Amino acid sequence: MRLGIGIDTGGTYTDAVIYDFTEKKVLSSSKALTTREDLSIGISGALEGLDKGLLAKAEVAALSTTLATNACVEGKGGRAKLLLIGVDDATLARVGRSYGLSSPDELLCFSGSGSFDGKILPKPDWESIVSEAKERLKDADGLGIVELYAMNNGAVAEREAKRRLFEALDIPIVCGSELFSGLNSLQRGSGTLLNARLVPIIRDFLNAVKRSFVSLGIKAPIAIVRSDGSLMSEEFSRLRPVETVLCGPAASIMGGMALAGRKDSVIVDMGGTTTDISLVKNARPVRAPDGVSIGGWKTFVQGVLIDTFGLGGDSAIRPEGHGFRLYPDRVIPLSLLAKRHPCVKDELSALLNSSPGHTKPLHEYYTLVRDIENKPGWTDAEKALCGTLKSKNKPLSLREAAEAAGTDIYKLDFGRLEAEGVVLRAGLTPTDIMHIRGDFTAYDAEAAELGASFVLRCMGRDDSGPDELQRFCGEVYNRIKKTLYQNIVRILLQDKYPRLRREGLGAQLEGLIASSWDEFASGRSNISNGFVFDCSFRASACLVGIGAPIHLFLPDVAKALGADCVIPENAGVANAVGAVVGNIAATAVVEVRPNHTPGGIKGYFVSSSEENIHVSSREAAVSLARETARVLARREAEKRGAAGEITVELEEENFWGSASRGRTLDLGARVTATAIGGAAL
């Protein structure tokens, strides 16, 4: 047998499997709660639940995590900066926000770029760059560097800036040209800044895995899933964490495909924080055509086409007027908090007995994830809250948190602490609703009932009887199913009609989709109500559900779409399976650009992420592009940890246009090489 370990750390659970590569099946699986304060505790807990005899025989370990995905969706991450050469402030102010570049504090702009065609090389003021960078990067966790025309001049300015700043700063530095080959400098900048923000998140995750392996005596080499479902080495992922931005969702696709075995499917992965939906056609995942976009970030990261939105077992449920709203924010379920801290149940009971309801979520708590006692850059109020959480060693309610910070509940603002993962809220969630309905019973159901009763009171509804509470639980379940239905229909419509992805569905079509669910959920149709027309949506692809709570919601959604629904065996650990079944892959793109002059074409430029070479003929330029792409792809695959036989596939595109008098205009060519190999054992 050849065995591998698959590990997936999500926002709520950490899963682990032992996979038999020969028989292609799961031999052992385990689950443990993810422990944000120290990820190694949850990872060790999951690994300890596996067959110890098989664990010692594992030859490789592969990881996936939604930590980077969740950080993008929730706007979290480390303190990072982006140095832009040749991009001016006016351009950023005009269009930067559409790429996720909206915070001036994160951006350093300098002039000195060269020409578009790469003939004139950039000449920045290096002394000014180094001086200002030293001052503004004192508290940064990472730095990204992007130059306007780097892809046309061999990225000479980016590499020089990295060399100079690496000598002056003790932080990870990555150039945009090392990550992406796209021409759009702002899109390169978005992904490069995001890379720097994710450095501490992936670093902490990998360090936690290493600690767990050491404590359990596991010596298997480590690989991690990229956003396209392939693998890369541990060392590589520490420098390029942005490659993991859809790591967890990509693993869910690979796992769903491996476990369900359906040729055409819609894979729906519901976790604690997000739900990820992806399409599989003819046994191949559909890829994102223009790079991954997530949480307001528009990047060149190559990945599978995954639609991620904030809906999971730990989504916050908060009152809104006389109704409620499901928020994308992840919070700790009250049922889990009360199991860890029994005093919480007594405090919720006292709140319910003393408060008539409130416009603020008084039933929510703050918990400490990491200490900031001796770290600069935090306000006195932020330090006071964290200090109190640490000294009392218990969660603080909103009122207690306000008192600790020396303010009141109306002025309470700990958004930065939450965004940077220092504190985490606890509140009412779908997981609590599952406890009230008896569908999940691992934690404290009574605490869940107390929290739900207070939310009902804040909505102006009677919270005194069990019937109203069960009615509320049914409404939450229906809202979850409706949200899944609306998003699945939207994604299928956008796949069939690509203009809807560009332009959006519009309010009328969105309203029609919502109404079609309401009619299904109520058991009525337009025809039965006296109408002669019924509008419904149908899907021929099978809905494959993975993730712990999905079996409670997806079957009804599939029924509304007239589709098959499969919840495969081991669906609860599909991400861990998807992690361990992948290969290592790398792509390199080389552009061929004709040198147009008034006297005609005078040679061709062959541009890659490393150099810009001029050759005399088109044939020679394309030949050089093929060889360069092949070498770069193979080298990149080896950097990512590929070993043994590495296959390289080439894809070539030639671009032609029309000129006056019926002439053909040479617009150049593009060669893409993809190298695929197994993970080094």
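Higher on the page you've got the structure.
Notes on the structure in this doc start here. This is a predicted model, so every value here is computed, not measured. (Residues numbered from 1 in each chain as written. Predicted model: local features only at pLDDT ≥ 70, side-chain atom pairs only at ≥ 80, totals over all residues. Heavy atoms only, no water.)

## Considerations on the sheet that holds strand β7 (residues 142–147)
Formally: Here, strands pair whenever DSSP counts at least two bridges between them. Working definition: helices are DSSP H or I runs of at least four residues, strands are E runs of at least two. Numbering for both runs from the N terminus. Angular values range over 0 to 180 degrees, each being the angle between N-to-C directions of two axes fitted as lines to C-alpha atoms, with helices fitted over their stretch in contact. Residue contacts are defined here by distance: any two heavy atoms, one from each residue, within 4.5 Å place the two residues in contact.
In spatial order, the strands read β6-β5-β7-β8; together these four strands make up an open sheet with parallel pairing. Lying at the two open borders of the sheet, with one neighbouring strand each, are β6 (107–110) and β8 (173–175). Strand-to-strand, the axes of this sheet are offset by a mean angle of 20°, without reference to chain direction. Bridge analysis of strand β5 (residues 80–85) against β7 gives six bridges, and the strand direction is parallel. Counterpart to leucine 84 in the pairing with β7 is valine 146. Its contacts with the sheet place helix α9 (residues 185–216) against β5, β6, β7 and β8, and it is angled at close to 170° to β7.

## Digging into the side chain of threonine 192
Selection criterion: A 3.5 Å cut-off defines polar contacts: any pair of N or O atoms within that distance qualifies, except that in protein one atom must be a possible hydrogen donor and the other a possible acceptor, and neighbouring residues in sequence count only when both atoms are side-chain atoms.
Secondary-structure assignment places threonine 192 in helix α9. At 2.6 Å, the side chain of threonine 192 forms a polar contact with the backbone oxygen of arginine 188. Setting aside residues up to four positions removed in sequence, threonine 192 forms contacts with Leu82, Gly144, Ile145, Val146, Val174, Cys175, Gly176, Leu179 and Phe180.

## Observations concerning the environment of glutamine 494
Here glutamine 494 shows up in helix α19 (residues 466–496). Note: C-alpha distance between glutamine 494 and leucine 505 (eleven residues apart in sequence) is 8.2 Å. When neighbours within four sequence positions are excluded, glutamine 494 is seen to be in contact with Leu500, Arg501 and Leu505.

## Comments concerning the sheet that holds strand β21 (residues 396–397)
Strand order across the open sheet formed by four strands is β19-β22-β20-β21, with mixed pairing between neighbours. The open sheet terminates on both sides in strands that have one partner only, identified here as β19 (332–333) and β21.

## Some remarks on the pattern of salt bridges
Under the convention used in this document: Any Lys or Arg side-chain nitrogen found within 4 Å of a carboxyl oxygen on Asp or Glu counts as a salt bridge. Accessibility here uses a 1.4 Å probe with only protein chains present; expressed as a share of the type maximum, an area under 20% marks a residue as buried, one over 50% as exposed, and anything in between as partly exposed.
Under the definition given, this model contains 47 salt bridges. Between aspartate 329 and arginine 318 there is a salt bridge, with its nearest N and O atoms 3.5 Å apart. Taken together, the residues span a long stretch of sequence, with aspartate 329 in strand β18 (residues 323–330) and arginine 318 in strand β17 (residues 315–320) at a distance of eleven residues. Under the relative-accessibility criterion, arginine 318 is labelled buried at 11%. Among the ionic contacts, a cluster of salt bridges with common partners joins Arg318, Asp329, Glu364, Glu418 and Arg425.

## Considering the packing of helix α14 (residues 380–392) against helix α15 (residues 398–405)
Basically, it comes down to this: Should an angle fall under 35 degrees it is taken as roughly parallel, and over 145 as roughly antiparallel, whereas 65 to 115 is taken as roughly perpendicular and any remaining angle as oblique. Rotating anticlockwise by less than a right angle from the far helix to the near helix defines a left-handed crossing, while the corresponding clockwise rotation defines a right-handed one.
Put simply, α14 and α15 touch, their axes get as near as 8 Å, and they point 125° apart. Relative to α15, α14 is oriented oblique. In this structure, α14 crosses over α15, and the sense of that crossing is right-handed. Across the interface between the two elements, Ala381, Ala384, Leu385 and Thr388 of α14 pack against Ala401, Ala404 and Ala405 of α15.

## Focus: unusual backbone geometry
Positive phi values are uncommon outside glycine, yet lysine 24 reaches one of about 55°. With respect to the helices and strands, the residue lysine 24 is situated in the loop between β2 (13–20) and β3 (25–33). You will see that alanine 283, though not glycine, has its phi angle at about 65°, which is positive.

## Observations regarding the packing of helix α5 (residues 126–136) against helix α7 (residues 156–168)
Contact geometry for α5 and α7: axes closest at 10 Å, N-to-C directions at 45°. In terms of axis orientation, α5 runs oblique to α7. Handedness of the crossing formed by α5 with α7: right-handed. Only Ala157, Glu160, Ala161, Arg164, Leu165 and Ala168 of α7 make contact with α5, whose side of the interface consists of Trp126, Val130, Ala133 and Lys134.

## Digging into the environment of proline 249
Within the secondary structure, proline 249 sits in helix α11 (residues 247–260). Sequence separation between proline 249 and methionine 270 is 21 residues, and the spatial gap between their C-alpha atoms is 9.8 Å. In contact with proline 249, other than residues within four places in its own chain, are Thr66, Thr69, Asp276, Ile306 and Thr308.

## A look at the pairing of strand β22 (residues 423–427)
The element β22 is extensively covered by neighbouring structure, given that five of its five residues are classed as buried. Taking every second residue as pointing to the same face, both faces of β22 are buried, with Val423, Arg425 and Gly427 on one and Leu424 and Ala426 on the other. When β19 meets β22, the two strands line up parallel, connected through two bridges. When the sheet's bridge partners are listed, isoleucine 332 is paired in β22 with alanine 426.

## As for helix α17 (residues 430–437)
Counting buried residues in α17 gives seven out of eight residues, a clear majority hidden from the surface. Regarding α17, the residues found buried are Pro430, Thr431, Asp432, Ile433, Met434, His435 and Ile436. In this structure threonine 429 caps α17, since a side-chain oxygen of it lies 3.2 Å from the backbone nitrogen of threonine 431. Just past α17, the residue glycine 438 takes up positive phi, approximately 85°.

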